[in-house]
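# Residue-level structural notes
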Amino acid sequence: MKVADAIKDFVVERGLRKGDRLPGETQLMAHFGMAKGTIREAMRILEAQGLIVTRTGPGGGSFVHEVSRERARALLGNYFYFQDLTLHDIYQVRRLLEPELAASLAGRLDEAALSQLEAVVATYAHPSATVEEERDQHVASLRFHQLLADFAENALLGFLIGFMAQILTDVTVYRRLYEPPNVELWSRGRAYQLQLVEALRMGDSDRARLVMADHMATAEALMEGQEARVLKRFMAQ
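Residues numbered from 1 in each chain as written. Predicted model: local features only at pLDDT ≥ 70, side-chain atom pairs only at ≥ 80, totals over all residues. Heavy atoms only, no water.

So, on to the overall build of the protein chain. Within the protein chain, the regular secondary structure consists of 10 helices and 2 strands. For the protein chain, the α and β elements follow one another from N to C terminus as α-α-α-β-β-α-α-α-α-α-α-α. Taken against the 2.2 N^0.38 rule, which gives 18 Å for 237 residues, the C-alpha radius of gyration of the protein chain at 23 Å runs more than 25% over that of a compact globule. Each principal axis of the C-alpha atoms in the protein chain carries an extent, and together these give about 65 × 50 × 30 Å. Evaluated residue by residue, the protein chain yields a buried proportion of 38% over its 237 residues. In the protein chain, 71% of the contacts between residues at least 6 apart in sequence involve partners at least 24 apart. Counting every atom, the protein chain has about 13200 Å² of accessible surface; 55% of that belongs to carbon and sulfur. For the protein chain, the distance from the average position of its 28 positive side-chain charges to the average position of its 32 negative side-chain charges is 5 Å. (Helix = DSSP H or I, 4+ residues; strand = E, 2+ residues; numbered from the N terminus. Rg over C-alpha atoms; globule rule 2.2 N^0.38 Å. Buried < 20%, exposed > 50% of the residue type's maximum accessible area, 1.4 Å probe, protein only. Contact = heavy atoms within 4.5 Å. Areas by Shrake-Rupley, 256 points an atom, 1.4 Å probe, with all protein chains shown as cover. Lys, Arg positive; Asp, Glu negative; His and termini not counted. Charge placed at Lys NZ, Arg CZ, Asp CG, Glu CD.)

Written out as structure tokens, the structure is:
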């Protein structure tokens, strides 16, 4: 693992970017003073982490690769899979971060970006008619927040918010928190999102922060109530 870290440092020190070729195995052995087996194991580790990609054939070799946000979130999600996160844990982070993201985006999104947000909200313009539709609406509603995260100028803030939205999506689906359908959750959540888009369009950062803070607080209370109903139904079986 130390050799893998040393190779990562080598990449950073030389300013290598995605698609740049790494030195060959013989050159790496000479540079780090390590045996072939040690270098190969280090390269396998880096490839498993998604930091390099190896191609065979003419023009092949090892190249710097970039870990996508989706892969990074999936890897981090594996860690939290066994942490038994509660809705309160998730919303505690969302309540801290999402109002600040909303405020930072006010007046900074062009009409195309605002239209993308409105298009997501339009996918749940009416209350669900079935449990399956309710599930899809929950997922779509959280996609609204993932899209906001994608617009963040602060990459770390955007990643964390997008990750929390993905975690909540997974929790909602595997705990079946979309059942039974909850019209109040749909109605209030959608109203907050439309108010937020308008605040973003008007460039009103204070309003955007307040709307998102209210949205998070309301969503937490309603989702916890939904979870309690699910648990009550389960215990009654």
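There's more to say after this.
Each neighbour pair has its own omega, and for E179 with P180 the value is 0°, a cis peptide bond. Looking at the secondary structure, you find P180 in the loop between α8 (155-174) and α9 (183-202). For R176, which is not glycine, the phi dihedral falls at a positive 55°. Residue placement: R176 occurs in the loop between α8 and α9.

This next bit is on the packing of aromatic side chains. Evaluated as defined, the whole model comprises 2 aromatic pairs. Look at F10 and F32: their rings are 6.1 Å apart centre to centre, the planes differ by 65°, and that puts the pair in the edge-to-face class. Of this pair, F10 sits in helix α1 (residues 2-13) while F32 is found in helix α2 (residues 25-32), placing the two residues 22 residues apart along the sequence. Of the residues examined, F10 reaches a relative accessible area of 8% and is grouped as buried. (Phe/Tyr/Trp six-rings, centres within 6.5 Å; stacked < 30°, edge-to-face > 60°.)

Right, let's get into the pairing of strand β1 (residues 52-55). Two elements, β1 and strand β2 (residues 61-64), share 4 bridges in a ladder whose sense is antiparallel. Opposite T54, over in β2, you have S62 as the bridge partner. With antiparallel pairing between neighbouring strands as the criterion, β1 and β2 make up a hairpin whose turn holds 5 residues, including G57 at a positive phi of roughly 85°. (Pairing = 2+ DSSP bridges.)

On to the packing of α1 against helix α3 (residues 36-48), then. Remark: α1 packs on α3, axes separated minimally by 8 Å, with the N-to-C direction vectors making an angle of 70°. One way to sum up the angle between α1 and α3 is to call them roughly perpendicular. When the axes of α1 and α3 are compared, the crossing they make is right-handed. The residues of α3 that touch α1, namely those facing V3, A4, I7 and K8, are T38, I39, A42, M43, I45 and L46. Looking at the contact of α1 with α3 residue by residue, the classes come out as 8 nonpolar, 1 polar and 1 charged. (Axes fitted to C-alpha atoms, helices over the stretch in contact; angles between N-to-C directions. Parallel < 35°, antiparallel > 145°, perpendicular 65-115°, else oblique. Left-handed = near helix turned anticlockwise from the far one by under 90°. Nonpolar A, V, L, I, M, F, W, Y, C, P; charged D, E, K, R; others polar.)

Attention shifts here to the environment of S187. Among the structural elements, S187 can be located in helix α9. Take S187: its relative accessible area is 35%, and that puts it in the partly exposed class. Between the alpha carbons of S187 and D136 there is a distance of 15 Å; along the sequence they are 51 residues apart.

We now examine the domain arrangement of the protein chain. For the protein chain, the assigned domains read domain 1 (3-64) and domain 2 (69-236). Relative placement of domain 1 and domain 2: their C-alpha centres are 39 Å apart. (Domains from an automatic or database assignment.)

This part covers the pattern of salt bridges. Scanning the model with the defined rule gives 16 salt bridges in all. Among the ionic pairs, R135 bridges to D136, the shortest N-O distance being 3.4 Å. Put simply, E111, E118, E198 and R201 are held in one network by salt bridges that share partners. (Salt bridge = Lys/Arg side-chain N within 4 Å of Asp/Glu carboxyl O.)

Relative orientation of the contacting elements helix α5 (residues 87-105) and α8 amounts to 145°, with a least axis distance of 10 Å. Considering only the axes of α5 and α8, their crossing is left-handed. On α8, the residues that touch L87, I90, Y91, V93, R94, L97, E98 and L101 of α5 are L157, L160, I161, M164, I167, L168 and V171. The residue makeup of the contact of α5 with α8, split by class, is 13 nonpolar, no polar and 2 charged.

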